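Chain residues, written in single-letter form:
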There are 2 protein chains.
Amino acid sequence: MMNTPICEMFGIEFPLLAFTHCRDVVVAVSKAGGMGVFGAAGLTPSQLEEELAWIDAHVDGKPYGVDLIVPNKVEGKGETISPEDMLGRLPEQHKTFAHNLLAAYDVDESGLDELRVRQLTFSDNLRGAGTNAMLDVAFRHPIRLIANALGVPPRAMLEQGRAHGVAVAALVGAKEHALAQVAAGVDLLIVAGGEAGGHCGDVATMVLVPEVCRALEAAGVNTPVLAAGGIATGAQMAAAMAMGAAGAWCGSVWLTTSEAETNPVVKEKMLAASSRDTVRSRSRTGKPSRQLRSPWTDAWEAESAPKPLPMPLQSFISEPALRKVDKLSQSDHTGAKALATYWVGQAVGLMNQSMSAGQVVQDFKEDFLRAHERLNRALGA
Amino acid sequence: MMNTPICEMFGIEFPLLAFTHCRDVVVAVSKAGGMGVFGAAGLTPSQLEEELAWIDAHVDGKPYGVDLIVPNKVEGKGETISPEDMLGRLPEQHKTFAHNLLAAYDVDESGLDELRVRQLTFSDNLRGAGTNAMLDVAFRHPIRLIANALGVPPRAMLEQGRAHGVAVAALVGAKEHALAQVAAGVDLLIVAGGEAGGHCGDVATMVLVPEVCRALEAAGVNTPVLAAGGIATGAQMAAAMAMGAAGAWCGSVWLTTSEAETNPVVKEKMLAASSRDTVRSRSRTGKPSRQLRSPWTDAWEAESAPKPLPMPLQSFISEPALRKVDKLSQSDHTGAKALATYWVGQAVGLMNQSMSAGQVVQDFKEDFLRAHERLNRALGA
């Protein structure tokens, strides 16, 4: 058992938190001595209920958490918007661009409308319309952590967290945001560098972690910091902790585990990718997020491409198309295999071998010790 | 004395290398137990001779190095180009854009032509025309390291390095480049993340360092790696070494030291800046380089701005203008103070206090030990 504020806060052996949309990974990491955090954005409350019930039945009482995305700024926040109205806000230019791109890769559009309607759930969650129902479900389960991925957590999350004795965490990509989050009352900061997969800022982990730690110290605050962004090995985790982090928060590294529900085509691409095969782009959600490069992301980065729509509108363009692509790619469709992509950080360059999530945790522990030994040797200690 | 291949290679106590254009910093760092590396790009051979003679007279026999920029790809490489021809290659569009930008900030253009002509020295060095003369000067002095900043070192550098027993180093921003450099025969890799000041790639230090170390190990190569990019503290240096680096190479952190010849206006901006106040842009040299943001860099990032010219042409647009701006800014010219900028990495967010270069080295050592102690505590060791 390591001795850090994170181990103490959650009663875990090893301060490695696993962000994942896969319940099996949550369970495997928590059982291996870390802590799984289930990414619930995109689910309905009843789907979330089902997933958390499964986790409860399998996690042997080990701690786990839930992560939501409730951004502070989003198109139509707080408004009641009908499905027709939301879909009606999509410009023809963007629909046509996506259509032409799919057509160029022989992907037809059958079923896309239905997928667009399903995308409304994610949009409702983003706009806060579904937040309270999601929180109600989450807090009915023995979660130990609830995290918000974009901006200051909504007041209901902070209040229910306090009422239930559940730690509330927030992701930040800048020093100023870290201080704002602490002022808002979060218990734990996830400090994510621009090399992270998914939504991210543009300051690198190597700079952001010590910069935030120094700012917290100057403010007389001892909120623990989890380092995120680019971390896929125990040596990197040790590096982050040498700079003042109390542990690590990893997302990408679980995508190539044997448990992960990642599209197998994308999983293979990830295992083969180098750190240069990602791009930080607004083309998937409307906010900058880091993804595996593919002809899909390249096309949206071209100067001739339409500018991405504000969140959540861009997702109505990208998600239905990319789900169709995912599905087709698995039936050996050449065009779909080329286009297939998913969020992943630059750490993809370090993910070269598929293994179980439990084995990843074990490897982290051993690699952490080797990193410590390297410093001992350098210091002749 | 630390125990790393870098300490052994140079007989230094602490494996911290200081890239700087300021000879006082070279001397101060080498005397404090690290090693100064003098950045000579932009100088004439006779200027270099003068600077190195000064260093020899002041460095008390401590080791130091020299850094050149000889890119593999550059406009007019190998060609003999007259000053008129080189200046004639500058498009009106770019000259007009720079002119209008300066005018908007009340900066007149007197003296710019003369500065453009002086810029030819840098251009000659870049294009390799002046490389041999520079190498001849460098190798007449007791240098211990010669580094090339962009691409594989020219053959003459590798051969003379071998003949004189001087280590040859190269900066790399990608795993593939690291392997190519090792194949070309460099003795030392400076692995620089995208958070670095000056020319840089876009993979973050946190990922690139372990990725390169893993690739070298897989190739059965034990070329030492210096980590660069974002590092301005001993804890970050310890982090990099926990991930496999044999030491650190820092540039930005010396810019705010008391010895540095940095424009005092820019120095004040750097001390006040956060990590988000830099931009990676092609607008200064034609290749992506990270700089302090100012209205100058913002204007070049605007969509309406002309696309930067290939190296070395863009420097004929930017350098003379920014030297004029530097000079004017120091006479309290409001517009020039606003425009003033210089290369710096995201580590600028950690540079909050001016001190001597020797004190920076001392702080690094103490902070390194604190970082090691953090890991000891986490492990209960």
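See the structure printed just above.
Just so you know, these numbers come straight off a predicted model, no measurement behind them. (Residues numbered from 1 in each chain as written. Chains lettered and ligands numbered in written order. Predicted model: local features only at pLDDT ≥ 70, side-chain atom pairs only at ≥ 80, totals over all residues. Heavy atoms only, no water.)

Caption draft 1: Up close: the overall build of chain A. A tally of helices and strands in chain A yields 16 helices and eleven strands. For 381 residues, the compact-globule estimate of 2.2 N^0.38 gives 21 Å, and chain A sits close to it at 20 Å. The proportion of buried residues among the 381 residues of chain A is 60%. Partitioning the intrachain contacts of chain A with sequence separation of at least 6 by distance along the chain shows that 68% fall at a separation of at least 24. Treating the 34 positive side-chain charges of chain A as one cloud and the 42 negative ones as another, the clouds have centres 3 Å apart. (Helix = DSSP H or I, 4+ residues; strand = E, 2+ residues; numbered from the N terminus. Rg over C-alpha atoms; globule rule 2.2 N^0.38 Å. Buried < 20%, exposed > 50% of the residue type's maximum accessible area, 1.4 Å probe, protein only. Contact = heavy atoms within 4.5 Å. Lys, Arg positive; Asp, Glu negative; His and termini not counted. Charge placed at Lys NZ, Arg CZ, Asp CG, Glu CD.)

Caption draft 2: Structural view of the packing of aromatic side chains. All names here are of chain B. Throughout the structure, instances matching the rule amount to ten aromatic pairs over all chains. A ring pair is formed by Phe14 and Phe368, whose centres lie 6.1 Å apart and whose planes are at 75°; its orientation type is edge-to-face. Here Phe14 is found in the loop between α1 (5–10) and β1 (16–20), whereas its partner Phe368 is found in helix α16 (residues 357–378), with 354 residues between them in sequence. Accessibility classification places Phe14 together with Phe368 in one group, the buried group. Seen from their ring centres, Phe19 and Trp249 are 6.1 Å apart, and the 25° between their planes marks the pair as stacked. (Phe/Tyr/Trp six-rings, centres within 6.5 Å; stacked < 30°, edge-to-face > 60°.)

Caption draft 3: Spotlight on the relation of the copies chain A and chain B. Each copy superposes on the other: chain A lies on chain B with an RMSD of 0.0 Å after a rotation of 180° and an axial shift of 0.0 Å. The symmetry that links the two subunits is that of a two-fold axis. Ranked by how close their C-alpha atoms come to the rotation axis, the residues of chain A are headed by Ala239 of chain A, at 1.9 Å. Comparing interface residues between copies, 100% of those in chain A also lie at the interface in chain B; the contact surface is shared. (Least-squares fit on C-alpha atoms with pLDDT ≥ 70 in both.)

Caption draft 4: Representation of helix α3 (residues 45–58) of chain A within the structure. Residue and element names in this part refer to chain A. Its 14 residues give α3 an end-to-end C-alpha distance of 20 Å, which sits within 8% of 20 Å, the value for a rise of 1.5 Å per residue. Listed as buried for α3 are Leu48, Glu51, Leu52 and Ile55. Take α3 and look down its axis: the buried residues cluster within an arc of 95°, on one side only. Among the exposed residues of α3, those pointing more than 90 degrees away from its buried face are Ser46, Glu50 and Ala57. Tucked inside the fold, the buried residues of α3 contact α2 (23–31), β2 (35–39), β3 (64–68) and α7 (131–139). Trailing α3 by a residue or two, Asp60 shows a phi angle of about 55°, which is positive. (Expected span 1.5 Å × (residues − 1). Arc of directions from axis to C-beta.)

Caption draft 5: Layout of the pattern of salt bridges. Residues and elements named next belong to chain B. Within this structure, the stated rule accounts for 30 salt bridges over all chains. Between Arg140 and Glu49 there is a salt bridge whose closest N-O contact spans 3.6 Å. Taken together, the positions of Arg140 in the loop between α7 (131–139) and β4 (145–148) and Glu49 in helix α3 (residues 45–58) put the pair 91 residues apart, joining distant regions of the chain. Among the residues examined, Arg140 registers a relative accessible area of 58% and is labelled exposed. Note on Glu49: relative accessible area 27%, which makes it partly exposed. (Salt bridge = Lys/Arg side-chain N within 4 Å of Asp/Glu carboxyl O.)

Caption draft 6: How the structure looks around the sheet that holds strand β3 (residues 64–68) of chain B. All names here are of chain B. Around the barrel, which closes on itself, the eight strands sit in the order β1-β2-β3-β4-β5-β6-β8-β9 with parallel pairing between neighbours. Direction aside, neighbouring strands of the sheet carry axes that sit 25° apart on average. As paired elements, strand β6 (residues 188–192) and strand β8 (residues 225–228) share four bridges and run parallel to each other. Its bridge partner being in β8, Ile190 is matched across the sheet by Leu226. (Pairing = 2+ DSSP bridges. Axes fitted to C-alpha atoms, helices over the stretch in contact; angles between N-to-C directions.)

Caption draft 7: A look at the interface of chain A and chain B. Taken together, the contact pairs 50 residues of chain A with 50 residues of chain B. Summed over the shared surface of chain A and chain B, the number is 24 residue pairs in polar contact (both at pLDDT 80 or more). Elements with a contribution of two residues or more to the side of chain A that touches chain B: α9 (175–184), α10 (205–218), α11 (234–242) and α16 (357–378) of chain A. The greatest single-element share of the side of chain A that touches chain B, amounting to nine residues, is contributed by α16 of chain A. (Polar contact = N/O pair within 3.5 Å; in protein donor to acceptor, adjacent residues only side chain to side chain.)

Caption draft 8: Seen up close, the nonpolar core. Ile146, Leu189 and Trp254 of chain A together with Ile146, Leu189 and Trp254 of chain B are the most contacted members of the largest nonpolar core, which totals 220 residues. Setting aside anything within four residues of it in sequence, one finds Leu189 of chain A in contact with Ala170, Val172, Ala178, Gln181, Val182, Val212, Leu216, Thr223, Pro224, Val225 and Leu226 of chain A. (Core = buried A, V, L, I, M, F, W, Y, C linked by side-chain atoms within 4.5 Å.)

Caption draft 9: Region of the structure containing the packing of helix α2 (residues 23–31) of chain B against α16 of chain B. Residues and elements named next belong to chain B. Running from N to C, α2 and α16 cross one another at 40°; their axes reach a closest spacing of 8 Å. It follows from the interaxial angle that α2 and α16 lie oblique. Regarding α2 and α16, the two cross each other, and that crossing is right-handed. In this structure, α2 uses Val25, Ala28 and Val29 to contact α16, whose residues at the interface are Ala357, Gly358 and Val361. Residue composition of the contact of α2 with α16, by class: five nonpolar, one polar and no charged. (Parallel < 35°, antiparallel > 145°, perpendicular 65-115°, else oblique. Left-handed = near helix turned anticlockwise from the far one by under 90°. Nonpolar A, V, L, I, M, F, W, Y, C, P; charged D, E, K, R; others polar.)

Caption draft 10: Local environment of the sheet that holds strand β11 (residues 289–292) of chain A. Residues and elements named next belong to chain A. Taken in spatial order, the three strands of this open sheet run β7-β11-β10, and their pairing is antiparallel. Two strands bound the open sheet, and with one partner strand each, they are β7 (198–199) and β10 (278–281). Of the pairings in the sheet, the one linking β10 to β11 comprises four bridges and is antiparallel in character. Its bridge partner being in β11, Ser281 is matched across the sheet by Ser289.

Caption draft 11: Quick peek at the side chain of Gln160 of chain B. Residues and elements named next belong to chain B. As for its position among the elements, Gln160 is in helix α8 (residues 155–164). A residue is classified by how much of its surface remains accessible, and Gln160, at 19% relative accessible area, is buried. The residues contacting Gln160, other than those within four sequence positions of it, are Leu135, Asp136 and Phe139.

Caption draft 12: Main features of the environment of Arg370 of chain A. Residue and element names in this part refer to chain A. With respect to the secondary-structure elements, Arg370 resides in helix α16. Residue Arg370 is classed as partly exposed on the basis of its relative accessible area of 45%. As a C-alpha pair, Arg370 and Ala169 span 201 residues in sequence and 30 Å in three-dimensional space. Within the structure, the side chain of Arg370 is placed 3.0 Å from the side chain of Asp367, a separation counted as a polar contact.

Caption draft 13: Main features of the state of the cysteines. Residues and elements named next belong to chain A. In this structure the tally under the stated criterion is zero disulfides over all chains. There is no disulfide at Cys250, and the cysteine sulfur nearest it, in Cys7, is 14 Å away. Relative accessible area serves as the criterion here: at 1%, Cys250 is assigned to the buried category. (Disulfide = S-S within 2.5 Å.)

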